[in-house]
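# Inside the fold
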Amino acid sequence: METSIVWFRRDLRLTDLPTLLSAADMSARAVALFVLDDRLLRSAGAVRRTFLYRCLRELDAALKGSLVVVEGDPADLVPKVASAVGANSVHVSADYGPYGARRDAAVRKGLGDVDLVETGSPYAVAPGRVRKDDGTPYKVFTPFRRAWYDHGWRAPAKTDGSSLKWLAPDDLDGRIQVPDDEDLGSTELPAAGEAAALEQWQSFLANDLTRYDGERNRADLDSTSRMSVYLKYGCVHPRTLLADVRGEDASSATLRSELAWRDFYADVLHHNPRSARHNLDKKFDRIDYNTGAAADKAFEAWRAGRTGFPIVDAGMRQLRAQGWMHNRVRMITASFLTKDLHLPWWRGAQHFMDLLVDGDLASNQHGWQWTAGTGTDAAPYFRVFNPTTQGEKFDPDGEYVRRWVPELRDVEGKAVHTLKTGRPNGYPEPIVDHKEERLEALARYEQIKAR
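Within every chain, residues take consecutive numbers counted from 1 along the sequence as written. Per-residue local features are limited, in this predicted model, to residues with pLDDT of at least 70; the limit for side-chain atom pairs, both in listing and counting, is 80 or more; totals at the level of whole chains, interfaces and linings are taken over all residues. The side-chain values count all of the structure's non-hydrogen atoms but skip hydrogen atoms and water molecules.

Looking up the protein chain in an unreviewed UniProt entry gives the name Cryptochrome/photolyase family protein, with the organism given as Antrihabitans spumae. UniProt positions are given in the numbering used here, feature names are shortened, and annotations may be inferred rather than shown by experiment. Per its UniProt entry, the protein chain bears the Cofactor (unreviewed entry) comment "FAD". One UniProt comment on the protein chain, placed under Sequence similarities (unreviewed entry), says "Belongs to the DNA photolyase family."

Pasting the structure below:
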């Protein structure tokens, strides 16, 4: 009897998983494999590693203890496991990231005559599918979104894991237990795994979807879907979400648009792999950044949430406390680092990737580049967020700031954003003058235009 391997990666679920259909077409039994890739683990940060381990435990429970976990280089381990279990095929969701594409090419070479079968991807529309009429990729979101809608996506795959007999060879050389959680201090993470993802989604549909369009930018309201972490690990597929938001109401349309952003950034990274670490718009390679001891001191104040700008400090402290930050505040804090402190976006992006439980390379790096003006924004660098007015608009009663900045809890209402009557003991003065730094940011932009 032939045996397949289902190699789980960013698809830690059993429902709506096309690889299960692909594996069942080729064999009646399969080994569920996960490789703890040393390279990815080192770059993940403690919160993402811990959340991953929790997701793996949930997946193992759903498979009734049949998940096989090994640790090391997939290029070595996947062929070894395939040989050990006599597999005739290995089934994966396609990976379009820079490292993932290289890894899978190496695994395919190592497998030799064993097929590496790619079915589906972590996206509603796989990177590279949506192109202009001339065959080139889109560089701006709005036309990409129109083409994305026109292209469409498949209905959710009807899977639950029962179509395969799962093998769990206890004597498999190198098989390990899922590692224990790491010490996260006081950081609180959401519940992990597929069941938690579907429960959160149903709760959002029932309680928050109708308010999503009007309230998703409000940092003080818990009106976002909170699905980003589950999409990151594939505990749910975007097809599943899109199938539930087919209405023409504003909130359904806005949520579909947010999922289009996710696909867009994955597409941009697929076509421009260097943009994970370098400016997408190369003319910004010439811009001047602050350096030296004063710049490093400002960066540390930003990381610690001690800039003296309440909405910025609240966001940075939420990041440490929850491994997550409201998306509007992500933009505010990113603008402050790049436009007020004149520091390169990749320093901030790396800090976010170190701490975010939903840290996704494509979305994080290109979200930072959009704010910094070095990426896909059609009207880039001269957009400079005013942290005070942004706070007043998106935290109008100051509840978000008071929650995350305890020094300011006695300041009532929106006055918490301006602190015109003085600053409580222990809360710092602003480390920069926003008006001055805005002009400086614009001047630096003009300099590179003139060069």
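## Focus on the overall build of the protein chain
A count of helical and extended segments in the protein chain gives 20 helices and six strands. We compute the radius of gyration from the C-alpha atoms alone; for a globule the expected value is 2.2 Å times N to the 0.38, where N is the number of residues. For 451 residues, the compact-globule formula gives about 22 Å, and the C-alpha radius of gyration of the protein chain, at 23 Å, lands near that figure. Each of the three principal axes of the protein chain carries a C-alpha extent, and together these read 75 × 50 × 50 Å. Only protein chains enter the accessibility calculation, which uses a 1.4 Å probe; a residue is then buried when its area is under 20% of its type maximum, exposed when over 50%, and partly exposed in between. Burial status across the protein chain gives 55% buried among its 451 residues. We call two residues in contact when some of their heavy atoms are within 4.5 Å. Partitioning the intrachain contacts of the protein chain with sequence separation of at least 6 by distance along the chain shows that 79% fall at a separation of at least 24. For the accessible areas, the method is Shrake-Rupley and the probe is 1.4 Å, while residue cover comes only from the protein chains on display. Here the protein chain has roughly 19800 Å² of accessible surface; of this, 47% comes from carbon and sulfur atoms. For the purpose of charge, His is not counted, nor are the chain termini; Lys and Arg are scored as positive and Asp and Glu as negative. Every charge is mapped onto a representative atom, which is NZ of Lys, CZ of Arg, CG of Asp or CD of Glu. With 62 positive and 65 negative side-chain charges, the protein chain shows a spacing of 4 Å between the two charge centroids. A helix here means a DSSP run of H or I that spans at least four residues, while a strand means a run of E at least two residues long, and both kinds are numbered starting from the N terminus.

## Concerning the packing of helix α13 (residues 310-322) against helix α15 (residues 345-355)
Describing two packed helices takes the angle between their axes plus the distance from one axis to the other. Angles shown run from 0 to 180 degrees and are taken between the N-to-C directions of axes, each axis being a line fitted to C-alpha atoms and, for helices, limited to the stretch in contact. Direction vectors running N to C along α13 and α15 enclose 35°, while the axes themselves pass 9 Å from each other. Across the interface between the two elements, Met316, Leu319 and Arg320 of α13 pack against His351, Phe352 and Leu355 of α15. A breakdown of the residues in the contact of α13 with α15 according to their chemical character gives four nonpolar, one polar and one charged. Gly is placed with the polar residues, together with every amino acid not listed as nonpolar (Ala, Val, Leu, Ile, Met, Phe, Trp, Tyr, Cys and Pro) or charged (Asp, Glu, Lys and Arg).

## Let's talk about unusual backbone geometry
Most peptide bonds take the trans configuration, and most residues that are not glycine carry a negative phi. Within the chain, aspartate 16 stands out as a residue other than glycine whose phi angle is a positive 50°. Structurally, the position occupied by aspartate 16 is in the loop between β1 (3-8) and α1 (18-26). Residue class for aspartate 16 comes out buried when judged on its relative accessible area of 3%. In this structure, lysine 64 is a non-glycine residue whose phi angle is positive, near 60°. By the element assignment, lysine 64 lies in the loop between α3 (46-62) and β3 (67-72). For lysine 64, a relative accessible area of 77% corresponds to the exposed category.

## Brief notes about the nonpolar core
We define a nonpolar core as any set of buried Ala, Val, Leu, Ile, Met, Phe, Trp, Tyr and Cys residues linked to one another through side-chain atoms lying within 4.5 Å. In this structure, Phe8 and Trp302 are the most contacted members of the largest nonpolar core, which totals 101 residues. The residues contacting tryptophan 302, other than those within four sequence positions of it, are Thr307, Val312, Met316, Thr333, Phe336, Leu337, Leu341, Gly348, His351, Phe352 and Trp368. Within the second largest apolar cluster, 20 residues are counted, among which are Trp7, Val35, Val81 and Leu111.

## Some remarks on the packing of aromatic side chains
In this scheme Phe, Tyr and Trp rings, the latter by its six-membered ring, pair at centre separations within 6.5 Å, and the angle between planes marks the pair as stacked below 30 degrees, edge-to-face above 60, and tilted otherwise. Summed over all chains, the structure comprises 21 aromatic pairs. With a centroid separation of 5.6 Å and an interplanar angle of 80°, the aromatic rings of tyrosine 289 and tryptophan 346 are classed as edge-to-face. Of this pair, tyrosine 289 sits in the loop between α11 (250-271) and α12 (293-304) while tryptophan 346 sits in helix α15, and the two are 57 residues apart along the sequence. Tyrosine 289 sits in the partly exposed class, given a relative accessible area of 23%. Owing to a relative accessible area of 36%, tryptophan 346 belongs among the partly exposed residues under this scheme. With a centroid separation of 6.0 Å and an interplanar angle of 75°, the aromatic rings of tryptophan 302 and tryptophan 368 are classed as edge-to-face. Here tryptophan 302, found in helix α12, pairs with tryptophan 368, found in helix α16 (residues 361-372); they are 66 residues apart in sequence, far enough to count as distant. A relative accessible area of 0% places tryptophan 302 in the buried class. Owing to a relative accessible area of 3%, tryptophan 368 belongs among the buried residues under this scheme.

## Section: a positive patch on the surface
In this scheme, patches are assembled from residues that exceed 30% relative accessible area and form no salt bridge. Like charges are connected within 9 Å, while nonpolar side chains (Val, Leu, Ile, Met, Phe, Trp, Tyr) are connected within 5 Å. The term salt bridge refers to a side-chain nitrogen of Lys or Arg lying within 4 Å of a carboxyl oxygen of Asp or Glu. Where like charges cluster on the molecular surface, the positive patch consists of Arg39, Arg42, Arg102 and Arg277. Tracing the backbone through its elements, the reader meets arginine 39 in helix α2 (residues 38-44). Take arginine 39: its relative accessible area is 43%, and that puts it in the partly exposed class.

## Regarding the packing of helix α14 (residues 327-340) against α16
Where α14 contacts α16, the axes come no closer than 9 Å and their chain directions differ by 60°. In terms of orientation, α14 lies oblique with respect to α16. The interaxial crossing formed by α14 with α16 has right-handed handedness. In this structure, α14 uses Met331, Ala334, Ser335, Leu337, Thr338 and Lys339 to contact α16, whose residues at the interface are Trp368, Trp370, Thr371 and Ala372. When grouped by side-chain class, the residues that make up the contact of α14 with α16 number six nonpolar, three polar and one charged. Roughly parallel means an angle under 35 degrees; roughly antiparallel means over 145; roughly perpendicular covers 65 to 115; every other angle is labelled oblique. By the definition used in this description, the sense in which the near helix is turned from the far one sets the handedness, with an anticlockwise turn below a right angle giving left-handed and a clockwise turn giving right-handed.

## Focus: a negative patch on the surface
Side chains of Asp38, Glu71, Asp73 and Asp76 sit close together on the surface and give a patch of like negative charge. Relative to the helices and strands, aspartate 76 is located in helix α4 (residues 74-85). Taking the relative accessible area as the measure of exposure, aspartate 76 reaches 44% and is therefore partly exposed.

## Examining the environment of threonine 376
Mapped onto the elements, threonine 376 comes out in the loop between α16 and α17 (387-394). With a relative accessible area of 6%, threonine 376 lands in the buried category. Setting aside residues no more than four positions away along its own chain, threonine 376 makes contact with Lys139, Val140, Phe264, Tyr265, Val268, Leu280 and Trp370.

## Some points on α3
Take the number of residues in a helix, subtract one, and multiply by 1.5 Å to get its expected span. A rise of 1.5 Å per residue sets the reference length of α3, with its 17 residues, at 24 Å; its end C-alpha atoms lie 24 Å apart and thus fit the reference within 8%. Within the span of α3, buried status applies to Val47, Arg48, Arg49, Thr50, Phe51, Leu52, Tyr53, Cys55, Leu56 and Leu59. A positive phi of about 60° marks lysine 64, the residue just after α3.

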